[in-house]
Amino acid sequence: MAGKIFISIDRLTSTLEKLSAKIDLWIPASLQPDKRELTGFVPYHAGIVPILDRQSTLPPKKILLPQVETLLRFEYRKDPRNPLKGSVSLDDKTEVRPALVFGARPCDAKAFLTLDRVFTNGPYVDPYYLERRRNTLFATLVCRQADEACFCSSVGSGPADTEGSDFRVIPVDGGYVVDALTEKAQSLFNSLGDTPTQHQEAQARQVVEKTSQHRVGDLDLAGSTGAFRKRFEEDDYWQEMAAQCLSCGICTHVCPTCYCFTITDEIKNLHGERLRSWDSCMFYQYSLEASGHNPRPSKLNRYRNRVGHKFSYIPEKYDGLIGCCGCGRCIRSCPVSIDIRQIVGRLKENACESE
Amino acid sequence: METDTMQLHKLVDEALPELDTMIGWAASYDPLRTTPIFIREAKSIPRLIWSPFCAQNLTGYLVKPPALKPADKHKRIGICVKGCDSRSLVALIQEKFVTRDRLRIFGIPCRGTVDWRQVMRQVPLSHVRSAKVEDNLLIVDDAGGTHKLNLEDVLARKCLRCRYPNPVVYDALIGEPTVSRITPEDIYRDVEALEKRPLEERLAFWQSELDRCMRCYACRNACPLCVCQERCIAETRDPKWLTQRMGIPEKFLFHFIHAIHLAGRCTECGECERVCPMEIPVALMKEKLNKIMEEMLGYVAGLDPTAIPPLLTFNPSETGI
Amino acid sequence: MRVNKFLNNPYLPELATVQKIIQETANIRTLMITLDDKKKMREFIFRPGQVGQLSVFGAGESTFVINSPPTRKDYLQFSVMRVGEVTQRIHQLNAGDQIGLRAPLGNGFQYEDMKGHDILFVGGGIGMAPLRTLLLYMIDNRRDYGDIMVLYGARSPNDLCYTYEFQEWKAGGVNLVLTVDSEFPGWKERVGFVPTVLSEESPSPHNRIAVVCGPPIMIKFVLFGLKELGFEDHQIFTTLEKRMKCGIGICGRCNTGSKYVCLDGPVFSYEQIRGMAQEL
């Protein structure tokens, strides 16, 4: 492939600097100076230190699906000749800037495939998400820093997966070999680095091969739809699995494939906005109806729904695609260390036993 | 620690027939953390552990929906509590969320619990194989080898200022009583350090911290005393208090209302700060309010089950005002 | 930088104007609206049973069935019960006010498959709203359908909607049975809970489709009653209600198991409901 360059470690900063002049650049970095372990994707600015040696605490989800965004603005106008009559004007103009996300991991990039199906492949297309998606490129690391909470291989991905990525960033001695994978990626990296030497290319090939063979996560969590349906009504199972849950919502906030949102209007005097903001199925109010009835009144119902959504309903609707990328963030950030791998793994295991 | 765990097993085993459920801590996927366990059968008792990794305050499960209540009115709920957790129990008893005689309390004197995020800050660990505390060291084995860290560098902030390491209420005590790590004059030193800074700096501090807030409401949900959570002002639309925007004003309002609802009630168990995925020192706000309570009204929350928190009652002859 | 005015934005409502308001009961109002864009109003097509998201800008959106039939398109009609933030503001609208509409959404009734059958409508309170659209459609295409019986009940005579239309329904060839929960002075029709009157009326299930809508408790007992009369699951239809936001199958919240009420519903047969995750 034509677009291969080598960026040395000491030239990384200047390369990122040059890139940020061409396009909005997002990189994983620390979110607080004295808390190096707390990382997320932030807009590049001079002096920032990219943290590429571990998975970020927060995923790059907000780049394509902001936590809050304005869907439309509205303005009321009064007719001075007829004070009872109010008229409204609407405006849904949205600014979308081309962007590059540098330093994401395969799990992060793969997660957007689930969002793509939901937001752009249904009977209705979400133009806000679609426009951002079309204008954002992903330069994804070949990942060699899986930890004990990672399980990308269990959900149909892997540490060298390139699905959803435009560039592959391969760590080699002294720097990175960057491989352009898509047409729209090719043009961006021209003149930003040297052509890799033969040795570097060989090493890159080796790294990719070795990483592709590495299995992250022992379980196989695919094909859980039937097992989930079988255990749906088994209250004891969900009690045992989710009694520790605080219904706090952290898992949904740090999850790259969680996308549920709410729409609320805010008005001041005569003008206002309709906002779209992240919501969480873990919250009581999520499904609370105006009549006061709540189809998921208990945290156990809600946790069951979360597991079902990712491992049963999404695969059912989208040709077996699992609505989980195996990044393990929910496990790491959960205050009570609930392990979703266990919950889904035991669904299948015990379902077999009961037959 | 092992002897404490064994003692715990023995006592729980003896008590189990009269218990509907026993709430304690068990090992999780990560040696640096534990997960709560709800025991109903003797065969699960060996999973119970006590160690400095048992950070979570379990008392919330007694009140948050679906609150654990014995189905059989002759049975009780067993629960493990450290010093800080026992104060939460006292607060729940004071406000009549739980009744003392329905609880069987296993109190555990505690010298502090490990904050795994602080460990990660010192050494970026991967594939932790084992972790233990010996004297004043945390010894961790991971893929990179063995690491020895100063215990005081990895304890939760609340533990460094803990003045009630021994449970204030219990039916059985596991292990021996211990001494506090802090002198009474230094209890509010974190708050005082912040108070010394000029107003602009304090404002900048909170703006910077709250900027990271994701409005996940984990702090609210983890707090055993925050009981309006299903009707929380942060989410209700009728009446509407907050927009869904992620601006500092919205987050300030949520955090300060939450803190004010806890004024005079918060027992400083530190759960709010422990659970925060963005590592915001939210407990500082409650500590400040508690400092005012103590200085003005001479009241410390969660010590006397018969006391009434000052803001929940009207005392015509209030001293200190 | 790109500033987009999206060509086809499913979140952007069409502007519409309230033409007429009818106060049906103490807390139910019917709005008749027209789309401001006259061409779009003329070309607006929908199936009975489809819903719309009504916007009051500043308060939000709420989902209501379009309860006028596609055969009567001078206006689009919605009946709204006042229960919360948005419906409160809807009840404060006056004729001439501008609102937003995103419609038609959802699946609608399979009225084509119901041709040649006898029909039984069972409605309670505001549950008559989704039934009305199908009922009027059938009256307007009377020859396609057999015997039509409507059993409509409410707590009291004051809680019945569309009272001004009952004569028209009867004239359209409908067997109308009205009931209220208890005796009221001046009330000459039936007295008793809807499920009880259903058993008393005992309509035959043979070649009949039942469409049921009302408060959950009424639906529950009506279902028992229908099964006792011999109706099978595939003969019974209802509309499900859930908290909705986007209405287009994206925001995730209106799901019952893997089915979205806004996309796969709100009309479901009882057979389908039995196959769904039980979290209604």
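This one's a predicted model, so the numbers in the text were calculated from it and none came from an experiment.

How each quantity is defined
- Residues numbered from 1 in each chain as written.
- Chains lettered and ligands numbered in written order.
- Predicted model: local features only at pLDDT ≥ 70, side-chain atom pairs only at ≥ 80, totals over all residues.
- Heavy atoms only, no water.
- Domains from an automatic or database assignment.
- Contact = heavy atoms within 4.5 Å.
- Buried area = accessible area lost by both parts, 1.4 Å probe.
- Salt bridge = Lys/Arg side-chain N within 4 Å of Asp/Glu carboxyl O.
- Bend = angle between axes of the 7 residues up to and from the residue.
- Helix = DSSP H or I, 4+ residues; strand = E, 2+ residues; numbered from the N terminus.
- Buried < 20%, exposed > 50% of the residue type's maximum accessible area, 1.4 Å probe, protein only.
- Polar contact = N/O pair within 3.5 Å; in protein donor to acceptor, adjacent residues only side chain to side chain.
- Axes fitted to C-alpha atoms, helices over the stretch in contact; angles between N-to-C directions.
- Parallel < 35°, antiparallel > 145°, perpendicular 65-115°, else oblique.
- Left-handed = near helix turned anticlockwise from the far one by under 90°.
- Pairing = 2+ DSSP bridges.
- Right-handed = clockwise from strand over helix to strand, strands pointing away.
- Expected span 1.5 Å × (residues − 1).

A.B. asks: Describe the domain arrangement of chain B, listing the residues and the values that go with them.
C.D. replies: All names here are of chain B. Split by domain assignment, chain B resolves into domain 1 (2-112 + 164-173) and domain 2 (188-308). On a C-alpha basis, the centroid separation for the pair domain 1 and domain 2 is 26 Å. Of the residues lining the interface, 20 residues belong to domain 1; the matching set on domain 2 comes to 22 residues. A combined buried area of about 1,700 Å² lies between domain 1 and domain 2, and 56% of that area is made up of carbon and sulfur atoms. On the domain 1 side of the contact with domain 2, Lys64, Arg87 and Gln94 bury the most area, a combined 35% of that side's loss. Linking domain 1 with domain 2 are one salt bridge, by the criterion used here. Residue Arg265 is joined to Glu95 by a salt bridge in which the shortest nitrogen-to-oxygen separation is 2.8 Å.

A.B. asks: Tell me about helix H10 (residues 299-317) of chain A, and name the residues and values.
C.D. replies: Residues and elements named next belong to chain A. Maximal helix bending in H10 amounts to about 50°, located at His309. For H10, the tally of buried residues reaches 17 of 19 residues, placing the bulk of the element in the interior. A distance of 2.9 Å separates the backbone nitrogen of Leu300 from a side-chain oxygen at the start of H10, and that oxygen is part of Ser298. Directly beyond the C-terminal end of H10, a positive phi value near 55° is found at Asp319.

A.B. asks: Give a detailed account of the packing of helix H5 (residues 194-201) of chain C against helix H6 (residues 216-229) of chain C, specifying residues and quantitative values.
C.D. replies: Residue and element names in this part refer to chain C. Running from amino to carboxyl end, H5 crosses H6 at an angle of 15°, the nearest separation of the two axes being 8 Å. Viewed along their axes, H5 and H6 adopt a mutual orientation that is roughly parallel. The crossing of H5 and H6 is right-handed. Taken together, the residues of H6 that come into contact with H5 (itself represented by Val194, Pro195 and Leu198) are Met218, Phe221, Val222, Gly225, Leu226 and Leu229.

A.B. asks: Pulling in residues and values, what's your account of the pairing of strand S4 (residues 76-81) of chain B?
C.D. replies: Residue and element names in this part refer to chain B. Counting buried residues in S4 gives five out of six residues, a clear majority hidden from the surface. By the bridge criterion, four bridges tie strand S1 (residues 19-27) to S4 in an arrangement that is parallel. Bridge pairing in S4 places Leu19 opposite Arg76. Pairing analysis gives five bridges linking S4 to strand S5 (residues 103-107), with the strands arranged parallel. Counted as the bridge partner of Ile79 is Ile105 from S5. Between the parallel elements S4 and S5, the chain passes through helix H2 (residues 83-94) in a crossover that is right-handed.

A.B. asks: Please provide a residue-by-residue account of helix H11 (residues 283-297) of chain B, values included.
C.D. replies: Since there are 3.6 residues in each turn of an α-helix, residues three or four apart along the chain are aligned in direction. Residues and elements named next belong to chain B. With 15 residues, H11 ought to run about 21 Å at 1.5 Å a step, and its terminal C-alpha atoms sit 20 Å apart, in line with that. Within H11, burial applies to Ala283, Leu284, Met285, Lys286, Glu287, Asn290, Lys291, Met293 and Leu297. Buried positions along H11 lie against helix H5 (157-160), helix H6 (189-196), helix H7 (199-211), helix H9 (248-261) and helix H10 (271-275). Just beyond H11, the residue with positive phi is Gly298, at close to 65°.

A.B. asks: Hey, could you go over the sheet that holds strand S10 (residues 174-180) of chain C for me, with residue numbers and the actual values?
C.D. replies: Residues and elements named next belong to chain C. Pairing in this open sheet of seven strands is mixed, and the strands run S11-S10-S9-S8-S12-S13-S16 from one edge to the other. Looking at strand neighbours, the two that pair on one side only are strand S11 (190-191) and strand S16 (267-269), the edges of this open sheet. Sheet contacts for helix H3 (residues 128-140): strand S8 (118-124), strand S9 (148-154), S10, strand S12 (208-213) and strand S13 (236-239); angle to S8, the most-contacted strand, approximately 150°. Helix-sheet contacts for H6 involve S8, S12 and S13, and the interaxial angle to S12 is about 165°.

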